[in-house]
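# Structural description and commentary
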Amino acid sequence: MDFTFTEEQVMLRDLVRKFVDHEVRPLAESIDREKKVPPELIKKIGALGLMGLPIPEQYGGAGVGEMGYCIAVEEVSRGCSSTAITIGAHTSIGSMSICLDGSEELKQKYLPSLARGEKIAAYCLTEAGAGSDAAAIETTAKPEGDDWILSGTKLFITNGGIADVYVVFAANDRYLGPRGGITAFVVERSFAGVEIGPEEEKMGIRGSSTAEVHLEQVRVPGENVIGNVGNGFYTAMKVLDIGRLGLGAGAIGLSREVLDLSIAHAKQRVQFGQPIIERGMVQAMLAEMAADIYAMEGMVYRTAWMADQGMKFGCEAAIVKMFCSEALGRVADKGVQIHGGMGYMQELPLERAYRDARINRIFEGTNEIQRIVIARALAKKGSY
Amino acid sequence: MELVVCLKQVPDTAADITPLPDRSAVDPAGLSWIINPYDEYALEEAIRIKERLGGGTVTAVTVGPERAATALRTALAMGADRAVHITGPELEGSDPAVTARLLAKAVSRGPSTRSGSPPPSLTGPSRAESRGGAFDLVLCGKMAVDDYHAQVGILLAQHLGLPHLSCVVKLDLSPDARTITAHCETDRGTEVVECDLPALVTAEKGLNEPRYPAVVAVMRAKQKPLETLTAADLGFSADQVGAAASRLRTLGLQSPPKRGGCTMIEAEPADAARELLRLLREAGGVV
């Protein structure tokens, strides 16, 4: 058993850390305030290769696997959650849908420009009536000759407002439902009938784009079907496993940033004649934050390793998602508490971290859904 | 054109540096390491020269422990073509003079074919080749940010019999690639110097903005040749290198004294100014 990163992985981490320190963290406050990740920043991120980390090199990606992807996302998340979410939605659910199940032609057509960050991807599953019950989607796909006609509205789509390429899950057979009745399509923003709604106003990750995607009789060529007709729900679920893993990596990054800020503050803030880090109650909070981060780190990188080995990790990805999002919530809460009144002020990044943390318990499957996934896996196996 | 860059791996400038309990060296536990920033300017400049010429070879050389190989791989990821790592336990404790002697030997022996053949030169025979020499331009940082010696580059120029230009903030190569014009930062202003190649320059902050290597280049860095040499490979015996041969000895390291707390004067501006003046007078003849 060897828990060390390879030399390349260390170099990757150092590279992303340096980039984030210089190019991302200094913008985080304005990204939150302006509710937008500057396109120039996304361009730089793309040039570095951070928009196609797990995509194989033959499709223009960096081919660093889930391990490398998690390392990078953790680092970006330390500097700016909105930016990390933009990369995550683009890479690990948007592009990944095409990468996992797309035909060779489809991969050749879309992945290189996505992996270079020249185009942005979004993953469109959620609808007004299909949140946790994702199989209840009402967006329809009707065959017409070799083409498909898509109609419906997708809700809360991350990168919705900035994407060029949308992976859309639509019902081709309402009767079959998730077992053969849902198909995944690549829809370009430029296709006639695609309309993007206004940006949603959110509690946190305000720089990350969230919008509705309306499809009004959109004609999609047959070659843009991802995998086989009717297999879309399986693609959707497989991709979400990967997304949940990356979410865990992001949670580590933000938690670590909060803990580092909290340690520095606790050492420097003097009350009752001594730094508050001398106080048992503050020490306990810091210790609990560190323990949460240690646990997150262990499970995220172990699960990333499993993914790269080609092992099944659906149950573990659900554990990662559930645990890391809740641990992040605890860490962010304590970070604000240690900073006291200043922690509540927008002047410090703690307030933003607290807001940014909350979504993680909701998107990519609520934590209630994760518990169901985990419990079902337990029931099926009879042991863990 | 043969370009050689000498670089050193140093603790991350953002790192919290503490000495070991015996004060003999910096505590390496938990430290992250980077290419010395001034050396990174030198490296970036060499890569840019190569890119402008559309050919040539950039060789990165370091003297350092095993971990320093990562600095070389980073240099390869940024765009160096090959790397030479001079290493071995016997080198521990080498002072700048010993380091410069080691570098001089490695640099003057020229491109090696031991670990794969060098990439073909795209610009035809360079001056280095037609001269039978190993390099046209050697670039170093003006100093390393860990020990601030600022000696190795200049000593290396002396060993190689080269003219050297220090603290370069702008570097231009003549169209025939035979002459450089360097803007050197001095206390009095900027000196603009023209110099025939071969030469050695040391880089100052402001020379350029080093690039971030692409992730793909990082992952592929291991495919580029990295040659490892010991002192013996360069013809030095064990007593000619390391602490044994160094005339400079580190007696002990200590952290700088903690700065005293600051005094906040809370009063109306006029009263605050009076109070500040009183404090400055008391502080021992500041005013």
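About the cut-offs
Residues numbered from 1 in each chain as written. Chains lettered and ligands numbered in written order. Predicted model: local features only at pLDDT ≥ 70, side-chain atom pairs only at ≥ 80, totals over all residues. Helix = DSSP H or I, 4+ residues; strand = E, 2+ residues; numbered from the N terminus. Buried ≥ 20, exposed ≤ 12 C-beta atoms within 10 Å, placed from the backbone. Contact = placed C-beta atoms within 7 Å. Arc of directions from axis to C-beta. Domains from an automatic or database assignment. Nonpolar A, V, L, I, M, F, W, Y, C, P; charged D, E, K, R; others polar. Axes fitted to C-alpha atoms, helices over the stretch in contact; angles between N-to-C directions. Parallel < 35°, antiparallel > 145°, perpendicular 65-115°, else oblique. Left-handed = near helix turned anticlockwise from the far one by under 90°. Pairing = 2+ DSSP bridges. Expected span 1.5 Å × (residues − 1).

Here the focus is the overall build of chain A. Along chain A, the regular secondary structure elements total 11 helices and 10 strands. Within chain A, buried positions represent 52% of all 384 residues. Contacts in chain A between residues at least 24 apart in sequence constitute 75% of all its contacts with a sequence separation of at least 6.

For the rest of this paragraph, the subject is the environment of H22(A). Residue and element names in this part refer to chain A. Examined against the element boundaries, H22 turns out to sit in helix α1 (residues 7-34). For H22, a count of 11 C-beta atoms within 10 Å translates into the label exposed. For H22 and G79, which are 57 residues apart along the polypeptide, the C-alpha to C-alpha distance reads 9.6 Å.

Residues and elements named next belong to chain B. Taken as a whole, helix α5 (residues 152-160) has its buried residues at V152, G153, L156, A157 and L160. Buried residues of α5, seen end-on, are gathered within an arc of 135° and therefore sit on one face of the element. Of the surrounding secondary structure, the elements contacted by the buried residues of α5 are β1 (2-6), α3 (96-108), β6 (137-141), β7 (164-173) and β10 (199-203). Two residues or fewer past α5, G161 is found with a positive phi of approximately 70°.

Residue and element names in this part refer to chain A. Parsing chain A into structural domains produces domain 1 (7-115), domain 2 (121-230) and domain 3 (234-381). If you average the C-alpha positions of domain 1 and of domain 2, the two centres end up 22 Å apart. Taken together, the contacts link 23 residues of domain 1 with 18 residues of domain 2. Only α1, α4 (81-101) and α5 (104-115) provide two or more residues apiece to the side of domain 1 that touches domain 2. Here the side of domain 1 that touches domain 2 takes 13 residues from α4, the largest share from any one element. Of the residues belonging to the side of domain 1 that touches domain 2, the class tally is 9 nonpolar, 9 polar and 5 charged.

This part takes up the packing of α3(B) against α5(B). Residues and elements named next belong to chain B. The N-to-C vectors of α3 and α5 enclose an angle of 50°; their axes lie 8 Å apart at closest approach. One way to sum up the angle between α3 and α5 is to call them oblique. Note on packing geometry: the crossing formed by α3 with α5 is right-handed. Listed contacts from α5 to P96, A97, T99, A100, R101, L103, A104, V107 and S108 of α3 are V152, L155, L156, H159 and L160.

The next subject is the pairing of β6(B). Residues and elements named next belong to chain B. With 5 of its 5 residues buried, β6 lies for the most part within the structure. Side chains of β6 alternate between two faces, with L137, L139 and G141 and V138 and C140 buried alike. In this structure, β1 lies alongside β6, joined through 4 bridges in parallel fashion. Residue pairing in the sheet places C6 in a bridge with C140 of β6. Pairing of β6 with β10, which is carried by 5 bridges, proceeds in the parallel orientation. Looking at β10, one finds that L137 is bridged to A199.

Time to look at the domain arrangement of chain B. For chain B, the domain assignment lists domain 1 (2-245) and domain 2 (257-287). Placing the centre of domain 1 of chain B and that of domain 2 of chain B at their C-alpha centroids yields a distance of 48 Å.

On to helix α7 (residues 280-308) of chain A. All names here are of chain A. The end-to-end C-alpha distance of α7, which contains 29 residues, comes to 42 Å, matching closely the 42 Å that a straight helix rising 1.5 Å per residue would cover. Every buried residue of α7 is listed here: V282, M285, M289, D292, I293, M296, M299, V300, Y301, T303, A304 and A307. Residues of α7 that are buried in the fold lie against α3 (65-79), α6 (232-268) and α8 (314-339). Immediately beyond the C-terminal end of α7, within one or two residues, lies G310, with a positive phi of roughly 80°.

This brings us to unusual backbone geometry. In the segment running from L197(B) into P198(B), the intervening peptide bond is cis, with an omega of 5°. Considering the arrangement of structural elements, one finds P198(B) in the loop between β9 (190-196) and β10. Phi at F272(A) is positive, roughly 55°, even though this residue is not glycine. Note that F272(A) resides in the loop between β9 (270-271) and β10 (274-275). One non-glycine residue, A177(B), adopts positive backbone phi at about 60°. Classification of A177(B) by C-beta neighbours within 10 Å gives partly exposed; the count is 18.

Residue and element names in this part refer to chain B. As summarised here, the arrangement of the 9 strands in space is β9-β8-β7-β10-β6-β1-β4-β5-β11, forming an open sheet in which the pairing is mixed. Each edge of the open sheet is held by one strand with a lone partner, namely β9 and β11 (226-229). In this sheet, neighbouring strand axes are inclined to one another by 35° on average, regardless of whether the strands run parallel or antiparallel. Packing of helix α2 (residues 69-78) onto the sheet brings it into contact with β4 (57-63), β5 (82-86) and β11, and relative to β5 it is tilted by some 165°. The sheet strands contacting α3 are β1, β4, β5, β6 and β11, and the helix crosses β4 at an angle near 150°.

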